[in-house]
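Report on the structure
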Amino acid sequence: MSDEIDVVWISSSPVLQRFDQPLLQYIAKYVNVAQWEYRYGKDEAGSIDEAVTLLDEFLSQCSHPVNLAGHGAGGAIALSYARRYPEKVRSLTLLAVGYKPANTWHAYYYLQRQLFTISREQVLATNVRHLFGEQPTHTTKKLIAVLNKDLEQTPLLHSLFQLVDLPTGGVSMPMMVCGSKNDSIVNSPALHNWVHYFKPEDNLWECPQGYHFFHYFYPQQVGEKILNFWQIYYPQPMDSNTLFYSSFIN
């Protein structure tokens, strides 16, 4: 990995990457961004711990601490890494990650399956509305397929039988937490509970709308807020325009 890279975006699911691209393309106009992706084979078990280990192998190639960022389960990986290797992280930016970081849309899905006697597709259709807002029928069907695939790819080991937890609490480096005011998965209370763990330099910002994938619908607005946060901790002017991509398979 090039020493010029200072921002690493963590992706936990290949099928959800498309929703990160508008934001990454915007911030790549100003900073060098590496996109790191976690995958695991069909016959192998994925986990947050394994993702953190592989991410460390990737970041060991960088000679200086990086600005780490991620959305949803990708943010949970970034958070777990920042806690385990704080000396390697300059700042942490979390999008749609609540103060209980394992409470992703996947946990919400399995909770609905436990509570209601409706089909998997009906629950996924409900989740499409909560994650993206009302969509045309043909778009909803495509998004159901995307979410169905993401359930197979996430490193969080939620299931119908058990919902996992991750430790609550803050981190030692500067942190920015972003969310959307109309996100029903990581709602405002789940977001604002982060302030109990904040340091003076930490920051919380909510997009006025955009649901769970607000960074997809409003990439420039979100990007400007994040860039302003990074600017404080950046060692040189943010004027490069390269987006790097890397994936790791367990």
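Residues numbered from 1 in each chain as written. Predicted model: local features only at pLDDT ≥ 70, side-chain atom pairs only at ≥ 80, totals over all residues. Heavy atoms only, no water.

1. A few points about the overall build of the protein
Inclusion rule: Labels follow the DSSP assignment, with helices taken as runs of H or I lasting at least four residues and strands as runs of E lasting at least two, numbered in each case from the N terminus. Burial status follows relative accessibility: with a 1.4 Å probe on protein chains alone, a residue under 20% of its type maximum counts as buried, one over 50% as exposed, and anything between as partly exposed. Contact criterion: two residues are considered in contact whenever any of their non-hydrogen atoms come within 4.5 Å of each other. Accessible surface is estimated by sampling points in the Shrake-Rupley manner with a 1.4 Å probe; for residues, cover comes only from the protein chains shown.
Across its full length, the protein carries nine helices and seven strands. Out of the 250 residues in the protein, the part that is buried amounts to 54%. Of the contacts formed within the protein by residues at least 6 apart in sequence, a portion of 77% connects residues at least 24 apart. When the accessible surface of the protein is split by element, carbon and sulfur atoms take 50% of a total near 11,000 Å².

2. So, the packing of aromatic side chains
Rule in force here: Side-chain rings of Phe, Tyr and Trp (the six-membered ring for Trp) are treated as a pair once their centres are within 6.5 Å; stacked means planes under 30 degrees apart, edge-to-face means over 60, and tilted covers the remaining angles. Our definition puts a charge over a ring when NZ of Lys or CZ of Arg is within 6 Å of the ring centre and also within 35 degrees of the ring normal.
For the structure shown, the criterion picks out eleven aromatic pairs. With a centroid separation of 6.2 Å and an interplanar angle of 65°, the aromatic rings of Trp105 and Tyr109 are classed as edge-to-face. Taken together, the residues Trp105 and Tyr109, both in helix α4 (residues 105-115) and four residues apart, mark about one turn of the helix. Each member of the pair, Trp105 as well as Tyr109, is classed as buried. Taking the centre distance of 5.2 Å and the plane angle of 80° together, the rings of Tyr216 and Phe217 count as edge-to-face. Accessibility expressed as a relative area gives 33% for Phe217, which makes it partly exposed. Through a chain of ring-to-ring contacts, three or more aromatic side chains come together here, namely Phe19, Phe132, Phe213, Tyr216 and Phe217. Over the ring of Tyr85 we find Lys88; its NZ or CZ atom is 5.0 Å from the centre of that ring.

3. Side note on the packing of α4 against helix α5 (residues 120-132)
The criterion, for reference: Lines are fitted to the C-alpha atoms to define the axes, a helix being fitted only along its stretch in contact, and any angle between axes, read from their N-to-C directions, falls within 0 to 180 degrees. Working definition: roughly parallel below 35 degrees, roughly antiparallel above 145 degrees, roughly perpendicular at 65 to 115 degrees, and oblique for all remaining angles. It is the rotation of the near helix from the far one that decides the hand of a crossing: anticlockwise by less than a right angle makes it left-handed, clockwise makes it right-handed.
Axis separation between α4 and α5 bottoms out at 10 Å; the angle between their running directions is 140°. Judged by the angle between their axes, α4 and α5 are oblique. The handedness of the crossing between α4 and α5 is right-handed. Here Trp105, Tyr108, Tyr109, Gln112 and Arg113 of α4 lie close against α5, whose contacting residues are Arg120, Val123, Leu124, Thr126, Asn127, His130 and Leu131.

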